[in-house]
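Chain residues, written in single-letter form:
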Amino acid sequence: MDVAHCYLDGNPDVVEFCPHDSFHHVLAASTYTLQEGDRPSRTGSISLFNVNADVGLLELLHRVDTSGVFDMKWNPVSGNVSPLLAQADADGYLRLHRLESSADGSEVHGNGLKEINGEKVSSSMCLCLDWNPAATSISLGLSDGSISIVSLRESQTTVIQEWKAHEFEVWATCFDIHQPELVYTGSDDCRFSCWDLRCDPSELAFQNTKVHGMGVCCIAKSPSDPHTLLTGSYDEHLRVWDVRSISKPMVETSICLGGGVWRIKQHPFVPGLVLAACMHNGFAIVKVKGGKAEVTETYTKHDSLAYGADWQRESPCQDGKSKRPVVATCSFYDRLLRVWMPESESLHDGAFDHNY
């Protein structure tokens, strides 16, 4: 069911709901726009929205202009740390933005985001990022095939490790949330790798070069199962991996989603429920269970490349009743941002009654 939509100032590629309590209604959407010509430039922006699906609200709160954004993520909820939004951009920077709010955290201020740090990580472009579970480190994938690990202390950033991980662009990097000393990476070279950060420089724990038929676009560890990890590829397949043996991970199953699997997001409450952005084939919701994967719903109301997707972190139950999940998606060339609720009965008819 459609809730609301709007058009952005540039080409949107990432949408991220804030995971922090009191700010679940805050949605960030970033853009990347290539200005071609004699002096090409890569410009971008980050827009903050107030989302209330119950009344069909998608309200712009704030927008900041920046360089072209390839990826961004809110910091994980850890301790008393306030919401921070990390940005990986075309100028080779890791930028940190703080969400400005009232003292009690109930209201976002008019200036919305305040940049508190900008670290020039590389002369290459920063293509992807991920936070470690403690929100003390960020991994960055670069266009020259390198990986950088950046430490964060009191809003100050320092590059603590950097190495050549792949032959081509690194589109995916992911901390293992159950073993944060491990970082997974994926690249246009079709390689899916895992690195052990306890060594300096980091040592290769494994590298798979045969399974993905094209570049690896995204990686996501299951928050509920320490042995399960997902990868998405330009070859249109979502793959479910068993990483119990970290030196020799096994593919449990795979499913073709009809388009390059650019982004995958695990549902924050329901184990095995995955939202996928499938480039030329819209968006899909996939249920992964018992070594099998099946598409439960597709969403095709975008007319351009499906790049950004996320679940809202609202509680699945309210007043003892199940609530429909809320999803935000964006598509690139048509500059469209949509907020919608999945219609599959399996998603909101008993699926959220469990206490996950």
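Throughout, a residue's number is its position along its own chain's written sequence, starting from 1. With pLDDT at 70 or above as the cut-off, local features in this predicted model cover only qualifying residues; side-chain atom pairs require 80 or more to be listed or tallied, and sums for whole chains, interfaces and linings still use all residues. Here the side-chain values reflect all heavy atoms present in the structure, with hydrogen atoms and water set aside.

Peer 1: Please provide a residue-by-residue account of the overall build of the protein chain, values included.
Peer 2: Comment: elements are numbered from the N terminus, with helices defined as DSSP H or I runs of at least four residues and strands as E runs of at least two. Tallying secondary structure elements over the protein chain gives 1 helix and 30 strands in all. Counting only C-alpha atoms and orienting by the principal axes, one finds that the protein chain spans roughly 50 × 45 × 45 Å. Remark: exposure states derive from per-residue accessible area (1.4 Å probe, protein chains only) relative to the maximum for the residue type, with buried under 20%, exposed over 50%, and partly exposed in between. Evaluated residue by residue, the protein chain yields a buried proportion of 58% over its 356 residues. Residue pairs in contact within the protein chain that sit at least 24 positions apart in sequence constitute 50% of those at least 6 positions apart. Each accessible area is a Shrake-Rupley result for a 1.4 Å probe, and residues are judged covered by the shown protein chains and nothing else. Taken as a whole, the protein chain presents about 15000 Å² of accessible surface, with 45% of it coming from carbon and sulfur. For the purpose of charge, His is not counted, nor are the chain termini; Lys and Arg are scored as positive and Asp and Glu as negative. By convention, charge coordinates are those of NZ in Lys, CZ in Arg, CG in Asp, or CD in Glu. Looking at the protein chain, you have 29 positive and 47 negative side-chain charges, and the mean spots of the two groups are 3 Å apart. Contacts: residue pairs with any heavy atoms within 4.5 Å of one another.

Peer 1: Explain the nonpolar core to me, using residue names and the numbers behind them.
Peer 2: Core analysis: the biggest nonpolar cluster contains 18 residues, and Val15, Leu27, Phe49, Val51, Leu58, Leu337 and Val339 have the highest contact counts within it. Elements supplying a minimum of two residues to this core: strand 1 (2-7), strand 2 (12-17), strand 3 (26-35), strand 4 (41-52), strand 29 (327-331) and strand 30 (336-340). It is strand 1 that provides the largest number of residues to this core, a total of 3 residues. For Phe49, the residues in contact, after removing those within four places along its chain, are Cys6, Leu8, His25, Val26, Leu27, Ala29, Leu58, Glu59, Leu60, Leu61 and Leu337. Residues Ala220, Ile264, Ala284 and Ala293 belong to the second largest nonpolar core, which totals 16 residues. To qualify as a nonpolar core, a set must consist of buried Ala, Val, Leu, Ile, Met, Phe, Trp, Tyr and Cys residues joined through side-chain atoms within 4.5 Å.

Peer 1: Summarise the sheet that holds strand 12 (residues 146-153); cite the residues concerned and give the values.
Peer 2: An order of 10-11-12-13 is seen for the 4 strands of this open sheet, with the pairing classed as antiparallel. Only two strands of the sheet have a single partner each, and these edge strands are strand 10 (126-131) and strand 13 (156-164). Across the sheet, the mean angle from the axis of one strand to that of its neighbour is 25 degrees, orientation sign disregarded. Any two strands with at least two DSSP-identified bridges between them are counted as paired. Each axis is a line fitted through C-alpha atoms, and for a helix only the stretch in contact is used; angles between axes span 0 to 180 degrees, taken between their N-to-C directions.

Peer 1: Quick rundown of the pattern of salt bridges? Include the residues and the values.
Peer 2: In what follows, salt bridge is the name for a side-chain nitrogen of Lys or Arg lying within 4 Å of a carboxyl oxygen of Asp or Glu. On inspection of all chains with the given rule, the structure shows 16 salt bridges. For Glu100, the salt bridge goes to Arg98, with nearest N and O atoms at 2.9 Å. Among the residues examined, Glu100 registers a relative accessible area of 16% and is labelled buried. Its salt-bridge partner being Asp242, residue Arg244 comes within 3.1 Å of it at the nearest N-O pair.

Peer 1: Could you give an account of the UniProt feature "repeat: WD" (unreviewed entry) in the protein chain, naming the residues involved and the relevant values?
Peer 2: The feature "repeat: WD" (unreviewed entry), as annotated in UniProt, sits at residues 209-251 in this numbering. Split by type, residues 209-251 is 0% helix and 47% strand. Its first and last C-alpha atoms lie 13 Å apart. UniProt positions are given in the numbering used here, feature names are shortened, and annotations may be inferred rather than shown by experiment.

Peer 1: How would you summarise the sheet that holds strand 5 (residues 57-67) if you had to cite specific residues and measurements?
Peer 2: Read from one edge to the other, the open sheet built from 4 strands follows the order 2-3-4-5, with strand pairing classed as antiparallel. In this open sheet, the two strands that pair with only one neighbour each are strand 2 and strand 5. Here the strands of the sheet are splayed against their neighbours by 20 degrees on average, with no regard to which way each runs. Here 10 bridges tie strand 3 to strand 4, and the two strands are oriented antiparallel to one another. The partner of Leu27 across the bridge, within strand 4, is Phe49.

Peer 1: Which residues make up unusual backbone geometry, and what values do they have?
Peer 2: Cis geometry marks the peptide bond from Asp200 to Pro201, where omega comes out at 5 degrees. Mapped onto the elements, Pro201 comes out in the loop between strand 16 (192-196) and strand 17 (203-208). Its identity as a non-glycine residue notwithstanding, Glu236 has a phi of 80 degrees, on the positive side. Locating Glu236 in the fold gives a position in the loop between strand 19 (228-233) and strand 20 (237-242). If you check the backbone angles, Arg335 has positive phi at about 60 degrees while not being a glycine. The topology assignment puts Arg335 in the loop between strand 29 and strand 30.

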